[in-house]
Structures are given as structure tokens and as C-alpha cells.
Amino acid sequence: MPMTQSEDIVRNKVSSAHVAPPALQVEFEDSDEAAGQAPPTALKLQKFNSWYGNYHALHDIDMDIPEKRVTAYIGPSGCGKSTLLRWINRMNDLIPSARATGMLHLHGLDLLDRDYDVVDLRRRVGMVFQKPNPFPKSIYDNVAFGPRLHMRLSRSDLDQIVERSLRRSSLWDEVKDRLKDSALGLSGGQQQRLCIARAIAAEPEVLLMDEPCSALDPKSTAAIEELMDELRNDYTIVIVTHNMQQAARASDYCAFLFQGDLIEFGDTKQVFTNPRNEQTENYITGRFG
Amino acid sequence: MNQRPQAYSSRRKRRILDRSFVIVCVAAASMSIVALTVLIGAILYQGMGHLDWAFLTGSPSRSAEKAGMLPAMVGSIYACVICASVAIPLGIGTAILLEEYRPKNRWLAKAHQFIQLNITNLAGVPSVVYGILGLTAFVSFFGVSSSVNEPAWEFGVSHYDEFFDMTGDYVSVPLSKRSSPTVELREGLQGYWGPQREMVTLKPVEDPARWKQVKQQFDEAIAALTVQPDAPGYEQAHAAAARPFAGYVRASAQPIRTSEKAHWYVCIPFGRGVLAGGMTLMLVVLPIIIISSQESLRAVPNSLRHGTLALGCTRWQMVWKMTLPSAIPGIMTGSILAMSRAIGEAAPILIIAGIVYITFTPEHLMDDFTAMPLQIFDWAGRPQTAFHHVAASGIIVLLAVLLSFNALAVIIRQKTQKPLG
């Protein structure tokens, strides 16, 4: 039954009806952009290239990721979605052979600058991983981890931040009586929402999500999509997903990558209903990939 | 027709082979169990008779009945504590460098691999070799001092030349060094010494008032000394020249060199003391601690590292707040097992300490010492059979200490083990 429930949630948030394309039973909202206002750019990529050793993973990516919107990366496995995402908070630094050229700016700040402090960058750009990775600590300590790193806070301030973050990730009601319990006792979906709460407790500007729902059941997936919908007003969210339906439901903008090339990038509604590129159309209708 | 040749007989053969293999395994396992049981049984049979409180608190003796192993136990524990307090921080630090700070640069990475290779090799080096290394490095500091008994630098010690004065009391003259060639006192009237009968040098310019007082006492003392000891009035005169007073050294005075060491006495090089022994044991167990710590750190899932880094942790914060706390149960277990190896080592201690007949417990870091395995070795090597029973009792004590170490490791592992992400 969880599948229908997730669709109910999706339908509930739909404000105006559209004719859905036959391959995807999803209806689209009218976005602000339809009214002609382009949102400001948060992340700007120009001629962005990435290598792992001699393997050329991303070729000449040009893309403006808008502020306070949900942008989804879709594409078949190995197309470079995660690589692109992981450059935004420089997690690729952990891979010795990874390097990048071109331009990657966050609000005008050059993220590829060797002298730029990645620790500060990662405070500004939060990340949620594919597999939920709560720390082997209490629920409270998990959420308080980021704030404790960056700020000197009083006990009550910290309590407030923890509560607010857990409320925002809609986990508060489920865990408020057992904040001191181990986070490892939570279910998979709860753990992932805890990881989101942990990421937003550090008050980032950008939230990166690397296939956040791939290890979750449909019910938890719905909860996380709902959560993204709530967070979209405050955070620039970039999400990598293999789930076409999820990209269509949850994102405002959508980028289709294929073999390291950016094939198409635009308004999600346009990409899904009226793709400009034939490859995109083939992919989203399930003819390959 | 399909042929299925000899299906049944082959199945029977297989079953027989299966059964007999189990029997072979059981036989192999029981061999070791029997050997262990016989060993423990024999040791208990031989040693229980001698094992009592007196044995645990006594010192080695020429007679087997009085022999005890307190100095060996204290020496072992002392050396082990030194070994642990040096080896565990060094080992964990090295493991953190090797596991958490892998360099990106190609040449640094090569150096990293080289260190790793060396540590793996060091774990297999026989402990006698470490004994020789410890002898060179810690006992004599590569020969910085000409003699092991004459350290190059010393702290927390005062050396004295001791004489008898006319009245038969000791007079101690402080020396700068144990081997100081000058004998400070000569026959005759010497001067002033203090209440503890030690030579005191006073400079008249610095404290005229005090000097005046000393002079007066000096004169009184001379007056007293001019009265011969067997003459009447000597006692009164002597008492009048109350201490501190000046004295007279006999013509036959030969100094006795003595030294007074504080409990924190330190000398460089270390000499054949507990510190050198503990440091040598540290060399033996360091590779073991490094390797076991590395394994515990490697067992911490990478998702936790990435999670902390993605929140804006520095590498140090990641190690201190996440990796190390997650790995500490494994590190503790490995370290305790390494310590039980250290407490059982005889060869390096034999090379460092050399002597086995020590009847006192070490009082400072440089003091001579002996260890339990060494003491057992000594007893077992004696011709009298009575001492063989003493050796068996020593083995029981050593085994008890080792088993309690291992039990502690198991308890720590079970108490602190928690599932990781």
C-alpha cells in the first residue's frame, strides 16, 4: 500500500492540473518562472571539466543552478551526476586522482581555488549521502554535531537548534521523547531524515543530496520528498536521483547528463513534457538507461 | 542409455572421507588441548605447594624455602607501565598517520608505503634483536658516555665523600660528580660543617653577620678540640661547641663515595634500569600496537568519515570526534594484548638488565630491576630441585597475570563494542 500513499501525497500538493505525459504519471505545478521571473543564480558552472586520472568524467559543463530551487541531476549510472555533485562541496578532494578545470562559482566564490578553505565551504554546502550515515551517537548529538563544530553555543540555544532542525526534517514528533537514544536504533527512513536534520542544523546555503532515497522504502521516500518541498524556500537544493518520477515530482529544474556531457538543462516541466533533445526523451520515456 | 558410473560407491567413499576428516580435525584439536592440560596440570602440581603469601611478598633468597618474587613482580609491572605509557600514544599516533593522513603527493605516498612496509616487517623481528637495540640506544645512548655506570647527565642526585671526623661521626662532602677525582678533605682541621654533618661553604663577603657567628663557633670548636678526648673536661667543651661546628679529620681518612637519589632521579644515558627495560619492551610491542590500531581504524566505515567531513570538520576534528572514539575499543584490546606480550618477554630484559638476583624493588626509574620471566629462568636453571618448584610457582603467578590481562581485554571489547553506522 505504501505506493498509493506516496502518490496521494504528490497529488495533494499539486495546485493546478496538467496533461501528464503518458510515460510518467506526474502532474506539474506552475512555477514562478512561468511568469517570466528568472531566480538568481547560486552556482555557476562554465566549461567545467573533471578527470579521474586519465578518465575524462565530465566534459565542458555549462550550467546556472538557481538559488532556493530544487535542481535534479538525472542520467544513467556512470554519467557523472555524483561527480558533478561532489565537486560542489569538494568531497572529490578525498579521491587522490580527481581533478577539475573550468569555472565553478558559488555566489561568485571560486570553489576550485586551491587556497580556498574547504572546511568553510563544507559548512556552507551541506550534504546528504546515498546511504544514511548517522553517527554512532545519540540523536541529539547527531544533530548538534555541526553547530558544535562551528559555533560556541549555550545549552538552550543548542536545544533550540536541535529542535528546529528536527522539526524542519519532520522527525521531531517521532523522536522528541528519545533524543538521548542512539541514532542507530532509528529506521532507515528516519535515519536519512536525521541526516538531513544534521545537515541543515549547520545552517548551510546549499544542500546536496546524492540519491537520498535509493536505500529507502516508498513511504520514507515520500516523507523525504515532502521534506524537500518544505525546504525549497530556504535552501538551494541539488539532488541526484535515478528515479525519474522523483525528479519530475520534486524538482524545479532538471539536468540530464549522459556519458559526461550535459545533454539538457531546464525547467523540469519543460524537460519532462517537451524535451528539446531526442536522447533526453528516450531516457525519460524509458527507452534506454 | 545414460551411464551414471558407480554413483553409490562414490557416495559411500565420500561419506567415509567426510567422517575421517572430522576425526583427523578432532585429533589435531585434542592434541593441543591435551598438551595444554598436561602443562598446566604439571605446573600446578609442582608449584602449588610453594605458592603462598610469603612467596608473593618475599624476595629471592639463597634457600628455596624463603624465595619470593615480589621484586620480579614489581619490576615487571613497573617496566610494563613505562612500556604502555610510551608505546600506546606512539602506536596510536603512527596508526592515525598511516590510516587517516594518506598523502596525495606521489612521492609522499611512496614514503608512506615504505613506512607501512617497515612496520609490518618490524612486527616479525625477534625480541632478542630489540634487546640489542635497546642496549645500544637506551642503556648507553650509542656510547655518549664512556661507562654505563658513569652517566653523562644526571638530575635529582647528590654525591658525597664521607669521612670520619675526630669524634667518630660522618662528615659528608658534596661532590659535583660521582667520579670526581678530588678528595675535598685532607687531614687536619678543616672548617665548618652543618647540622647534618655535611660540609657547608660560606662566603664571608655575602653574609658578614653569619660569617661572624660561624667564626665564633669555629673558635669555640677549636677550643673544644684542643682538649684531648681522654682529658677531663672534654665532654663539656665539646658540648659547648654546639653543632654546627668545625671539625677535624683523621689522618687515615679515606673517603667513601655515596650518593643520595631522589625518587625522580633521571640520568642520561639510562643505564641498565627499569626505564631502559620499559623502553626496550616498547620497541617490541610498538609494531603490534600500530598494526592492531590500524586495523581498528580501518574498520570504521568510510561513510562516517565522509559524513563528518561534509559537515565541515577538519581532519583533526574528524579523527578526534569520530574515528578515534569509534576505533578505541579495538585499539584498547590490541594494546592490552600487546602488554601481555611485553610482560611475558624474557630475552630483551635479559640483555638490558643482565642480573637476575635482585632482592629489592626498584625505587626510581634508573634502578636495577628484574622481571618475572627472568626470575623464573633463573630459578629453573638452578641445580637444586627445590628451586624447580619455586620456578613452577613463579610460572603460576606469571600465567595468572597474563590471563587477567587477556580477561580485561575481553571485558573491554564486550563492554564498549557497539555497532557502527
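Keep in mind it's a predicted model, so treat the numbers as computed, not measured.

Novice: How do you make sense of the overall build of chain A when you look at a structure like this?
Specialist: On a plain count of helices and strands, chain A comes out with eleven helices and ten strands. Excluding contacts between residues fewer than 6 apart, the proportion of contacts in chain A whose partners are at least 24 apart in sequence is 66%. Working note: accessible area of chain A is about 12600 Å², and carbon and sulfur atoms make up 46% of it.

Novice: Is there a simple way to think about the sheet that holds strand β6 (residues 125–128) of chain A in this case?
Specialist: In a beta sheet, neighbouring strands pair by backbone hydrogen bonds and run either parallel or antiparallel. Residue and element names in this part refer to chain A. Read from one edge of the open sheet, six strands run β6-β7-β8-β3-β9-β10, paired in mixed fashion. Looking at which strands have only one partner, the edges of the open sheet turn out to be β6 and β10 (261–267). Taken over all neighbouring pairs, the strand axes of this sheet differ in orientation by 15 degrees on average, direction set aside. As paired elements, strand β3 (residues 70–74) and strand β8 (residues 236–240) share four bridges and run parallel to each other. When the sheet's bridge partners are listed, Ala-72 is paired in β8 with Ile-239. Packing against the sheet, helix α7 (residues 188–201) makes contact with β6 and β7 (206–210), and its axis sits at approximately 170 degrees to β6.

Novice: For this particular structure, what's the right way to read the pattern of salt bridges?
Specialist: Any two side chains of opposite charge can pair if their charged atoms end up close together. Residues and elements named next belong to chain A. A complete count under the given rule lists 19 salt bridges over all chains for this structure. Residue Arg-90 is joined to Asp-93 by a salt bridge in which the shortest nitrogen-to-oxygen separation is 3.0 Å. Accessibility expressed as a relative area gives 21% for Asp-93, which makes it partly exposed. Here the residues in one salt-bridge network are Asp-229, Arg-232 and Asp-252, joined through shared partners.

Novice: Just to check I follow, could you spell out helix α5 (residues 155–168) of chain A for this structure?
Specialist: Residues and elements named next belong to chain A. For α5, which comprises 14 residues, the first-to-last C-alpha distance of 20 Å matches the rise-based estimate of 20 Å (1.5 Å per residue) to within 8%. Considered for burial, the residues of α5 that qualify are Leu-158, Ile-161, Val-162, Ser-165 and Leu-166. Taken down its axis, α5 places every buried residue within 125 degrees of arc, on the same side. Looking at the buried side of α5, the elements it contacts are α4 (139–150), α6 (172–175) and α7.

Novice: Sorry, what's going on with the sheet that holds strand β1 (residues 41–52) of chain A here?
Specialist: Residue and element names in this part refer to chain A. Pairing is antiparallel across the open sheet formed by four strands, whose spatial order is β2-β1-β4-β5. Each edge of the sheet is formed by a strand with only one pairing partner; in this case those strands are β2 (55–66) and β5 (109–110). Here helix α2 (residues 81–88) sits on the sheet in contact with β1, β2 and β4 (98–106), set at roughly 120 degrees to β1.

Procedures and definitions
- Residue numbers restart at each chain and count upward from 1, following the sequence in its written direction.
- Each chain is given a letter, starting from A, and each ligand a number, starting from 1, according to the order in which they appear as written.
- The predicted nature of this model means local features are confined to residues of pLDDT at least 70 and side-chain atom pairs, given and counted, to a pLDDT of 80 or more, with totals for whole chains, interfaces and linings taken over all residues.
- For side-chain calculations, the full set of non-hydrogen atoms in the structure is used, while hydrogens and water are omitted.
- A helix here means a DSSP run of H or I that spans at least four residues, while a strand means a run of E at least two residues long, and both kinds are numbered starting from the N terminus.
- We call two residues contacting when some pair of their heavy atoms lies within 4.5 Å.
- Under the convention used here, a 1.4 Å probe and the Shrake-Rupley method define accessible areas, while residue burial counts only the protein chains that appear.
- A strand pair is defined by DSSP finding two or more bridges across the two strands.
- For every element, the axis is a line fit to its C-alpha atoms; helices are fit only across the contacting stretch, and the angle between N-to-C directions ranges from 0 to 180 degrees.
- Any Lys or Arg side-chain nitrogen located within 4 Å of an Asp or Glu carboxyl oxygen qualifies as a salt bridge.
- Relative accessibility thresholds used throughout: buried, under 20% of the residue-type maximum; exposed, over 50%; partly exposed, between the two (1.4 Å probe, protein chains only).
- To estimate the expected span of a helix, count its residues, drop one, and scale the result by 1.5 Å.
- What the arc describes is the spread of directions from the helix axis to the C-beta atoms.

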